[in-house]
Amino acid sequence: METKPKVLVVGAAGGIGGELTRQLHDAGWMVQGMVRRLEQPTQHRDGITWVRGDAMRAEDVAWAAQGCEVIVHAVNPPGYRRWAELVLPMIDNTIAAARLAGATIVLPGTVYNYGPDAFPLLTETAPQHPVTRKGAIRAEMEARLHAYAADGGKVLIVRAGDFFGPKAGNNWFSQGLITPGKTIKRIQNPAKAGVGHQWAYLPDVARNIVALLVRRESLPAFATFHLGGHWDEDGTLMAQTIRRVLQRHGTDAKVTAFPWWLIRLIAPFNTTLREMMEMRYLWRRPVRLDNSKLCAVQGREWLTPLDEAVEATLRGLGCLPQ
């Protein structure tokens, strides 16, 4: 009888972590999902083993990773807060656990690593010259993963645009464009007119990562892939798609500009808003990921039609009739 491969998802309560936990289980993996809050140290539910642990505690991650072939590092400080003090220790703990287990590390990547010198089309070999504090931290994370791979480990980084999805809460879609849990009357678009922007539907991101893991043995020790996702050519497509889906359900929402001026006024007194302002440059210039390498390796990028993805997202966020 063939033994199922075992994977640990660190940050399994989050958007991409939760989606990967579900899809890896459905794909036949033995899944351990590490979360901070759990009534018992270990619980079995829906075919998944949930373990209580803190990504800031090396011993917690090492214990949860025992016997795992893969560790998914999907944990982030919420609301952009305390990145400088939390992000790098957490990736160090994952790397240490992976060394002990002999595991491949999977990191859902961002475009924060890049500066304007790499825009507008980003390939996997584009130079990483970040212009923000979070970007510098993300670049350092990947440098440490590269060192792990050079020392005999294996790493898979899959980079995508701005997340959205039915179970994703900490992103621009659900915190900028709309307000979850209520009927939407206004859609606030943070994009600059005429400037393209890239979006990534979380179930698609997870599906492509799961597909790449099937061929992990044939990938380089340090493998990076970019997802094309949904490209909003002029910065209006996502807002108009939300509006169109709402109209099909009897709601006529108005599209307005995101109040950047108000965020700028409040930002000095609010950490999350201050960090949002720092990332505004990604809305003022087109930034697109090139998925040619991914398509060459697996033949295609798994992609849900935009209207279908937006409808599922709005329903999951409680903005459509059930």
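For the structure itself, consult the block above.
Residues numbered from 1 in each chain as written. Predicted model: local features only at pLDDT ≥ 70, side-chain atom pairs only at ≥ 80, totals over all residues. Heavy atoms only, no water.

**Side note on the side chain of Arg280**
Inference 1: Counting through the fold element by element, Arg280 comes out in the loop between α9 (271-278) and α10 (281-284).
Inference 2: No salt bridge is formed by the buried Arg280. Its closest oppositely charged neighbour is Asp162, at 12 Å.
Inference 3: Those residues within four positions of Arg280 in sequence are excluded, and the remaining contacts are Trp260 and Arg264. (Helix = DSSP H or I, 4+ residues; strand = E, 2+ residues; numbered from the N terminus. Buried < 20%, exposed > 50% of the residue type's maximum accessible area, 1.4 Å probe, protein only. Lys, Arg positive; Asp, Glu negative; His and termini not counted. Salt bridge = Lys/Arg side-chain N within 4 Å of Asp/Glu carboxyl O. Contact = heavy atoms within 4.5 Å.)

**Thoughts on the packing of helix α3 (residues 83-101) against helix α4 (residues 133-150)**
Inference 1: Their axes nearest at 10 Å, the elements α3 and α4 cross at an angle of 15°. Between α3 and α4, the angle falls in the class roughly parallel. Judged by the twist between their axes, the crossing of α3 over α4 is right-handed. Counting all contacts with α3, which are made through Trp83, Ala84, Val87, Leu88, Ile91, Asp92, Ile95, Ala98 and Arg99, the residues of α4 involved are Lys134, Ile137, Arg138, Glu140, Met141, Arg144, Leu145 and Tyr148.
Inference 2: Partitioning the contact of α3 with α4 into residue classes produces 11 nonpolar, no polar and 6 charged. (Axes fitted to C-alpha atoms, helices over the stretch in contact; angles between N-to-C directions. Parallel < 35°, antiparallel > 145°, perpendicular 65-115°, else oblique. Left-handed = near helix turned anticlockwise from the far one by under 90°. Nonpolar A, V, L, I, M, F, W, Y, C, P; charged D, E, K, R; others polar.)

**Quick word on the pattern of salt bridges**
Inference 1: Within the structure shown, the criterion is met by 18 salt bridges.
Inference 2: Residue Arg144 pairs with Asp92 through a salt bridge whose shortest N-O separation is 2.7 Å. Taken together, the residues Arg144 in helix α4 and Asp92 in helix α3 connect sequence positions 52 residues apart.
Inference 3: Note on Asp92: relative accessible area 32%, which makes it partly exposed.
Inference 4: One salt bridge connects Glu275 with Lys134, and the closest N-O pair in it is separated by 2.6 Å. Highlighted residues: Glu275 in helix α9 and Lys134 in helix α4, separated in sequence by 141 residues.
Inference 5: When salt bridges that share partners are traced, they join Arg244, Arg248, Asp307, Glu311 and Arg315 into one network.

**A closer look at the pairing of strand β3 (residues 42-45)**
Inference 1: By the bridge criterion, 4 bridges tie β3 to strand β4 (residues 48-52) in an arrangement that is antiparallel. Each residue of the ladder has a partner; that of His44, found in β4, is Thr49.
Inference 2: Between β3 and β4, which pair antiparallel and follow one another directly, the connecting turn spans 2 residues, one of which, Asp46, has a positive phi of 55°. (Pairing = 2+ DSSP bridges.)

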